[in-house]
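Structural overview
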Amino acid sequence: MRKRLAVVGVVLGLAFVGGSPTGAGARPTAIAAKTCSGSYVHAVIGGSQKCLRRGEFCAHRYARQYRRYGFSCTTTDARGNYHLT
């Protein structure tokens with residue numbers, strides 16, 4: 001009896017997995033991109049979308065990623081805060 005229930009459970013489980021939308025025929029989902037105004041540059045920094053402009057605060061640990069978009073992250077004030085230049 002237990003074997004029969006186990007087999008029925010496996011068959012039902014495979015039936016549900018086979019019909020899931022994660023298979024090879026799955027449709028791609030749309031992702032809305034962040035839009036930036038004309039004076040900003042759209043970028044993906046640290047995995048999130050950002051609108052960058054000269055003078056904005058920046059995280060020094062992502063300096064390499066800022067360079068990819070034409071910016072450098074340097075210390076520009078007396079308190080040691082980093083800004084895009």
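Before going into details, it helps to say that this report is about the structure given with it. (Residues numbered from 1 in each chain as written. Predicted model: local features only at pLDDT ≥ 70, side-chain atom pairs only at ≥ 80, totals over all residues. Heavy atoms only, no water.)

Topic: the state of the cysteines
Condition: Cysteine sulfur atoms that pair up within 2.5 Å are treated as a disulfide. Helix and strand definitions follow DSSP, with helices as H or I runs of at least four residues and strands as E runs of at least two, each counted in order from the N terminus. Per-residue accessibility, obtained with a 1.4 Å probe over protein chains only, is compared with the maximum for each type, and a residue is labelled buried under 20%, exposed over 50%, and partly exposed between these values.
Taken as a whole, this structure holds two disulfides when the rule is applied. Across a sulfur-sulfur distance of 2.0 Å, cysteine 36 and cysteine 51 are joined as a disulfide pair. Judged by the torsion about the S-S bond (-85 degrees), the cysteine 36/cysteine 51 disulfide is left-handed. Pair noted here: cysteine 36 is in the loop between α1 (2–18) and β1 (41–45) and cysteine 51 is in strand β2 (residues 48–52), with a separation of 15 residues, a long-range link. A relative accessible area of 23% means that cysteine 51 is categorised as partly exposed. Indicated for the protein chain is the disulfide connectivity 1-2, 3-4, based on numbering the bonded cysteines in sequence order.

Things to note about the environment of histidine 83
How we decide: Here a residue-residue contact requires only that any non-hydrogen atoms of the pair lie within 4.5 Å. As used in this structure description, the phrase polar contact means that two N or O atoms lie within 3.5 Å; if the pair is within protein, one of them must be able to donate a hydrogen and the other to accept it, and residues adjacent in sequence are counted only when both atoms belong to side chains.
By the secondary structure assignment, histidine 83 is in strand β4 (residues 82–84). With a relative accessible area of 11%, histidine 83 lands in the buried category. In sequence terms histidine 83 and phenylalanine 71 are twelve residues apart; their C-alpha atoms lie 9.6 Å from each other. Residues within four places of histidine 83 in sequence aside, it is in contact with Gly55, Glu56, Phe57, Cys58, Ser72, Cys73, Thr74, Thr76 and Asp77. In terms of polar contacts, histidine 83 uses its side chain to reach the backbone carbonyl oxygen of glycine 55, at 3.3 Å.

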